[in-house]
Amino acid sequence: MTAINFAVIGYGGMGSYHIHNIMPNENERIHVVGTYDISGERQQISSQHNHKIYTSLEDVLTDDTIEAVLIATPNDSHKDLAIQALKAGKHVVCEKPVTMNVEELDDVLKVAKETSKTFMVHQNRRWDPDFLITRELYKNQQIGELFQIETRVQGANGIPGDWRHELKHGGGMLLDWGVHLLDQLLFLVDSRIEKVSADLSYILGDEVDDGFITYIIFENGVRAIIEVGTTNYTKLPRWYLKGTQGTAVIHDWDLSGEMVIESGKKNIQAPKPIQAGVGLTKTMAPPSEEATETLPLPKASAEYDTFYKNFYKVVREQAEPVVKNEEVRKVMVLIEEIFKAAKR
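About the cut-offs
- Residues numbered from 1 in each chain as written.
- Predicted model: local features only at pLDDT ≥ 70, side-chain atom pairs only at ≥ 80, totals over all residues.
- Heavy atoms only, no water.
- UniProt positions renumbered as here; feature names shortened; annotations may be inferred.
- Phe/Tyr/Trp six-rings, centres within 6.5 Å; stacked < 30°, edge-to-face > 60°.
- Helix = DSSP H or I, 4+ residues; strand = E, 2+ residues; numbered from the N terminus.
- Buried < 20%, exposed > 50% of the residue type's maximum accessible area, 1.4 Å probe, protein only.
- 1 Å grid on protein atoms, 1.4 Å probe; cavity = no way out; pocket = protein on both sides within 12 Å on 5 of 7 lines; lining within 4 Å.
- Points joined across faces, edges and corners; volume = space filled by probe spheres on them.
- Nonpolar A, V, L, I, M, F, W, Y, C, P; charged D, E, K, R; others polar.
- Expected span 1.5 Å × (residues − 1).
- Contact = heavy atoms within 4.5 Å.
- Right-handed = clockwise from strand over helix to strand, strands pointing away.
- Pairing = 2+ DSSP bridges.
- Domains from an automatic or database assignment.
- Buried area = accessible area lost by both parts, 1.4 Å probe.
- Salt bridge = Lys/Arg side-chain N within 4 Å of Asp/Glu carboxyl O.
- Polar contact = N/O pair within 3.5 Å; in protein donor to acceptor, adjacent residues only side chain to side chain.
- Axes fitted to C-alpha atoms, helices over the stretch in contact; angles between N-to-C directions.
- Parallel < 35°, antiparallel > 145°, perpendicular 65-115°, else oblique.
- Left-handed = near helix turned anticlockwise from the far one by under 90°.

- As annotated in an unreviewed UniProt entry, the protein carries the name Dehydrogenase and comes from Enterococcus ureasiticus.
- Regarding the protein, the relevant UniProt record gives this comment under Sequence similarities (unreviewed entry): "Belongs to the Gfo/Idh/MocA family."

Have a look at this one:
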């Protein structure tokens, strides 16, 4: 097994996370040679980990020992860096969002095809345990056929970082966290999108969105609500899933939650009216204890390889990528449609 020699372009939060938290899990397949960053401070920190320090992008691209690069820089730089690396004969892993828009992505993919080099986008949230549970529920229908999916990420810390506040760098939450949730959704639901409506939040006064809500209707009948917020001092569940035979909730990344399903028992007493505020309701009364059963969430795991193990197999063995570029393109098309829908 010959490891792929990597250089990391951008030793900021994500670049350093790849090096110290993800790549070591595949140390037989992936070897980090060095880093390049325009920040002298970041380069100094990288040197403390015995990385080779490249002083220019040209030094990275002309190093014949480097087979692949990871691009972990602000979003507006992805296209040019990727094209230069591909033309220099390097395979490329690119952080999300892949580019600023679909047109830029098409330019990159054209060069990848011309150079016969691998280009893959690090859509890492396909391996999140909470998403894998949702995928298990969708595929195996433990709460019946899912017809409504609500997926949310919420916090109260505003937009992180400096460049993420700026439009020219591709800032904003739709491109930051939205790209993750939308990628999960389209990876989950294999159906054409019929309708998109959306609203972007600018409550913090930045030129980019500090959150959004979008409602998506698929041709197969599935409805999805996707919400990202940075002004939420209390949070709604990470996932809320409605099926034809029950409901499931995943509260957070700690995987707390439950399923409530129909018990299937016969001759169950109808619910009685309850006091609701200053009135009565039978419609909104909870079902009787006999009518439902509360169960723990199912266990779930990915049946596909981890990202870098898959990348290695794509490069060395011509395996099929887990994150396909046509899937990434569909996400970018959807993001552009959400921006348009919000304006409408």
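## Description of the packing of aromatic side chains
- Per the counting criterion, the structure on display carries 9 aromatic pairs.
- With a centroid separation of 6.3 Å and 85° between ring planes, the pair formed by Trp 127 and Phe 307 is classed as edge-to-face. Here the residue Trp 127 occupies a position in the loop between β6 (119-121) and α6 (129-140), and Phe 307 occupies one in helix α8 (residues 307-317), the gap between them amounting to 180 residues. In terms of burial, Trp 127 and Phe 307 fall into one category: buried.

## Regarding empty space enclosed by the protein
- Within the structure shown, the criterion is met by 1 cavity of 30 Å³ or more.
- Considering only enclosed or pocket space, the largest cavity measures out at about 70 Å³ in volume.
- Here the residues of the lining of the largest cavity are counted per class, giving 4 nonpolar, 2 polar and 4 charged.

## Comments concerning helix α5 (residues 102-115)
- Between its first and last C-alpha, α5 extends 20 Å over 14 residues, near the 20 Å set by a 1.5 Å rise per residue.
- Taken as a whole, α5 has its buried residues at Val 102, Glu 104, Leu 105, Val 108, Leu 109, Val 111 and Ala 112.
- Taken together, the buried residues of α5 touch α4 (78-87), β6 and α9 (325-343).
- At the C-terminal side of α5, Ser 116 shows a positive phi close to 55°.

## Considerations on the UniProt feature "domain: GFO/IDH/MocA-like oxidoreductase" (unreviewed entry) in the protein
- Under the UniProt annotation, "domain: GFO/IDH/MocA-like oxidoreductase" (unreviewed entry) lies at residues 134-248.
- Between the C-alpha atoms that bound residues 134-248 the distance is 9 Å, and the span itself is 20% helix and 36% strand.

## A closer look at unusual backbone geometry
- The omega torsion across Lys 96 and Pro 97 is -15°, close enough to zero to call that bond cis.
- Residue position: Pro 97 is located in the loop between β5 (91-94) and α5.
- The phi dihedral of Asn 50 is positive, around 65°, even though this residue is not glycine.
- For Asn 50, a relative accessible area of 72% translates into the label exposed.

## As for the pairing of strand β4 (residues 68-71)
- Neither face of β4 is exposed, since Ala 68 and Leu 70 on one face and Val 69 and Ile 71 on the opposite face are all buried.
- Taken together, β4, α4 and β5 form a β-α-β motif whose crossover is right-handed.

## A few points about the pairing of strand β11 (residues 239-243)
- Alternating residues of β11 divide into Trp 239, Leu 241 and Gly 243, all buried, and Tyr 240 and Lys 242, none buried.
- The pairing of strand β7 (residues 146-154) with β11 spans 5 bridges and is antiparallel. When the sheet's bridge partners are listed, Glu 150 is paired in β11 with Tyr 240.
- Summarising the sheet, β11 and strand β12 (residues 246-250) pair through 5 bridges and their orientation is antiparallel. The residue of β12 that forms the bridge with Gly 243 is Gly 246.
- Taking the residues that link successive antiparallel strands as the turn, the β11-β12 hairpin has 2 residues.

## Structural notes on the domain arrangement of the protein
- Along its sequence, the protein is organised into domain 1 (4-122 + 304-320) and domain 2 (126-303).
- For domain 1 versus domain 2, the distance between C-alpha centres works out to 33 Å.
- Each partner contributes residues to the interface: domain 1 has 10 residues there, and domain 2 has 17 residues.
- Between domain 1 and domain 2, the buried area comes to about 1,200 Å², and carbon and sulfur atoms account for 60% of it.
- It is Lys 96, Met 100 and Tyr 304 in domain 1 that bury the most area against domain 2; as a group they hold 57% of the surface buried on that side.
- Summed over the shared surface of domain 1 and domain 2, the number is 1 salt bridge.
- The salt bridge partner of Lys 96 is Asp 176, with a shortest N-O separation of 3.3 Å.
- At the junction of domain 1 with domain 2, the criterion picks out 6 residue pairs in polar contact (both at pLDDT 80 or more).

## Comments concerning the packing of α5 against α9
- Across the interface, α5 lies against α9 with an axial gap of 9 Å and an inter-helix angle of 160°. With respect to their mutual orientation, α5 and α9 come out roughly antiparallel. Remark: the crossing between α5 and α9 carries left-handed chirality. Judged by residue contacts, Val 102, Leu 105, Asp 106 and Leu 109 of α5 engage Asn 325, Val 328, Arg 329, Met 332, Val 333 and Glu 336 from α9.
- Of the residues contributing to the contact of α5 with α9, the split by class is 6 nonpolar, 1 polar and 3 charged.

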